[in-house]
Amino acid sequence: MKGLQVSVTQIKIERAAKLKPKPDTAKLGFGKYFTDHMFIMDYDLGIGWHDPRIVPYGPFTIEPSAMVFHYAQEVFEGLKAYRRADGGIQLFRPEANIARMNGSNERLSIPTIDPELFLEAIITLVTLEKDWVPSEPDTSLYIRPFVIATEPHVGVHASSSYIFCIILSPVGAYYAEGLNPVKIFVESRDVRAVKGGTGYVKTGGNYAATLRAGERASQMGFSQVLWLDGVNRKYIEEVGSMNVWFKIDGECVTPMLGGSILPGVTRDSCIKILKHWGEKVSERLIDIDELFEAAHSGKLEEAWGCGTAAVISPIGEIVYDNERCCVCDGQIGPLTRRLYDSLTDIQWGRAEDPFGWITRLD
Ligand code: COI
């Protein structure tokens, strides 16, 4: 469903009376600090989306009976604003995140948001908060749009009211390991998502369902879980909260999308960059046994996870039941490194953008 829309010129701005001190950019971590302002827009049945505004960052007042607390009617996105060396600021593929969030809205019976207004909201908010975009190497301003269902009602149906909000957080590396290859554990008990469910959309419940396996893996000394499909329990789907890639005997392979896998913007960017380089790229089923056979016969050349938060995260070791395989001698592979460098060079404006992915805010 598509709600009624307001004109893009109607974003009102209420400035914070007092600005917060900025955090030490050498110690940002991920998602711990939030800027001075946020964007909000309300939805009410019969009116549509209305009152787009930027206000001081702060708590919402919503009722304990608000439907999001009970039935998890919620979606979110994640993208980043980058500081170039010349001091300017740019966004990476915001249209892709906006389109994906409207796809998530559709799956969760939430009214979609006008893409132009959505982009205008991001640009207006980031421009207002431009002093929060950090300039240390590998830092950026993480942009978190989300929608929550606010109707005060514990009956199960789609809410008649929502809040759409965008908050901003200056961030450093997502994983403490940075670009060092991580150890991953193949999860064979819990399942992240199944086809027909919500695995392909960005909704909080998908992430809540992964926490237990993540905690078990962490207690055993692993950084991430490798997720298998929920039906056959043998096809590789994702790693942690990222898409996953393998280079097997010269072929760059990532699990094909089919309803249970998030269509990652970084995943899509990897496909396009690798093809641009003339690499053989396949989106297909990858059986966990095929992966271990490739590893044991020396054909598993590289492995990495990819997502907006971590960009590219090399995989150095995989453990499945009692089997273990080492990838690229536990080192970052040459293609993984080249992909990381190329993607981040485009994102931070250090290289030309042959794909038209960058939106400059200055
Ligand atoms: C991403 O890589 O962008 C993610 O999905 C992680 C996020 C949930 C923090």
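Rules used in this analysis
Residues numbered from 1 in each chain as written. Predicted model: local features only at pLDDT ≥ 70, side-chain atom pairs only at ≥ 80, totals over all residues. Heavy atoms only, no water. Salt bridge = Lys/Arg side-chain N within 4 Å of Asp/Glu carboxyl O. Helix = DSSP H or I, 4+ residues; strand = E, 2+ residues; numbered from the N terminus. Buried < 20%, exposed > 50% of the residue type's maximum accessible area, 1.4 Å probe, protein only. Near = heavy atom within 4 Å. Polar contact = N/O pair within 3.5 Å; in protein donor to acceptor, adjacent residues only side chain to side chain. Areas by Shrake-Rupley, 256 points an atom, 1.4 Å probe, with all protein chains shown as cover. Domains from an automatic or database assignment. Contact = heavy atoms within 4.5 Å. Buried area = accessible area lost by both parts, 1.4 Å probe. Nonpolar A, V, L, I, M, F, W, Y, C, P; charged D, E, K, R; others polar. Phe/Tyr/Trp six-rings, centres within 6.5 Å; stacked < 30°, edge-to-face > 60°. Lys NZ or Arg CZ within 6 Å of the ring centre and 35° of its normal. Pairing = 2+ DSSP bridges. pLDDT = per-residue confidence, 0-100. 1 Å grid on protein atoms, 1.4 Å probe; cavity = no way out; pocket = protein on both sides within 12 Å on 5 of 7 lines; lining within 4 Å. Points joined across faces, edges and corners; volume = space filled by probe spheres on them.

Caption draft 1: Expanded view of the pattern of salt bridges. Tallied over the full model, the rule gives 20 salt bridges. In this structure, Glu187 engages Arg216 in a salt bridge whose closest nitrogen and oxygen atoms are separated by 2.9 Å. Of this pair, Glu187 sits in strand E9 (residues 182-187) while Arg216 is found in helix H5 (residues 211-219), placing the two residues 29 residues apart along the sequence. Arg216 carries the same exposure label as Glu187, and that label is buried. Notably, a salt bridge pairs Arg350 with Asp345, separated by 2.7 Å at the nearest N-O pair. Connected through shared salt-bridge partners, Arg84, Asp86, Arg360 and Asp362 make up one network.

Caption draft 2: Local environment of the site of the ligand. The environment of the ligand is formed by Phe30, Tyr174, Lys202, Tyr207, Ser241, Gly307, Thr308 and Ala309. A distance of 2.7 Å separates an oxygen atom of the ligand from a polar atom in the side chain of Lys202. Contact between the ligand and Thr308: an oxygen atom at 3.3 Å from a main-chain N or O atom of the residue. Considering the ligand on its own, with 280 Å² of exposed area, one finds that the protein chains cover 91% of that surface.

Caption draft 3: Focus on the domain arrangement of the protein. For the protein, the assigned domains read domain 1 (8-171) and domain 2 (182-347). The C-alpha-based centres of domain 1 and domain 2 are spaced at 28 Å. The interface of domain 1 with domain 2 comprises 22 residues on the first partner and 23 residues on the second. Roughly 1800 Å² of surface becomes buried between domain 1 and domain 2 when both sides are summed, with 54% attributable to carbon and sulfur atoms. On the domain 1 side of the interface with domain 2, the three residues burying the most area are Phe92, Arg100 and Arg107, jointly 34% of the side's total. At the boundary of domain 1 and domain 2, one finds one salt bridge. The residue Asp268 makes a salt bridge to Arg93 at a minimum N-O spacing of 2.8 Å. Listing elements by their share of the side of domain 1 that touches domain 2, those giving two or more residues are strand E4 (74-76), strand E5 (79-83), strand E6 (89-92) and helix H2 (94-107). Residues that form the side of domain 1 that touches domain 2 fall into these classes: 10 nonpolar, five polar and seven charged.

Caption draft 4: Highlighting the packing of aromatic side chains. For the coordinates displayed, the defined rule picks out 17 aromatic pairs. The interplanar angle of 75 degrees and the centroid separation of 4.8 Å between the aromatic rings of Tyr82 and Trp348 together place this pair among those described as edge-to-face. Residue Tyr82 is located in strand E5, and its partner Trp348 is located in the loop between helix H8 (334-347) and strand E18 (358-360); the two are separated by 266 residues in the primary sequence. No difference in accessibility class separates Tyr82 from Trp348, as the two residues are buried. The interplanar angle of 80 degrees and the centroid separation of 4.6 Å between the aromatic rings of Tyr174 and Tyr175 together place this pair among those described as edge-to-face. By relative accessible area, Tyr174 is classed as partly exposed at 34%. One Lys or Arg, Lys183, reaches over the ring of Phe222 and ends 5.0 Å from the middle of that ring. Sitting over the ring of Trp277, Arg338 keeps its end group 3.7 Å from the ring centre.

Caption draft 5: Quick look at the pairing of E5. Taken across its five residues, E5 has five buried, putting it largely inside the fold. Neither face of E5 is exposed, since Leu79, Ala81 and Arg83 on one face and Lys80 and Tyr82 on the opposite face are all buried. Sheet topology note: the E5/E6 ladder contains three bridges and is antiparallel. By the bridge assignment, Arg83 is partnered in E6 with Ile89. Between E5 and E6, which pair antiparallel in sequence order, lie five residues; one of them, Gly87, sits at a positive phi of approximately 95 degrees.

Caption draft 6: Structural view of the confidence of the model for the protein. Confidence along the protein averages 95 in pLDDT terms, with 98% of residues attaining 70 or more. Counting contacts from residues 1-7, a segment whose pLDDT is below 50, to residues more than four positions away or on other chains yields 24 contacts.

Caption draft 7: Molecular detail of the layout of surface pockets. Of the voids in this model, the largest pocket is the one considered here, and its volume is about 640 Å³. For the largest pocket, the lining is made up of 35 residues, of which Tyr174, Tyr175, Tyr207, Gly240 and Ser241 are closest to its centre. Within the residue set of the lining of the largest pocket, elements represented by two or more residues are strand E7 (140-149), H5, strand E10 (224-228), helix H6 (265-276) and strand E15 (300-307). In terms of residues, the lining of the largest pocket owes the most to one element, H5, which gives five residues.

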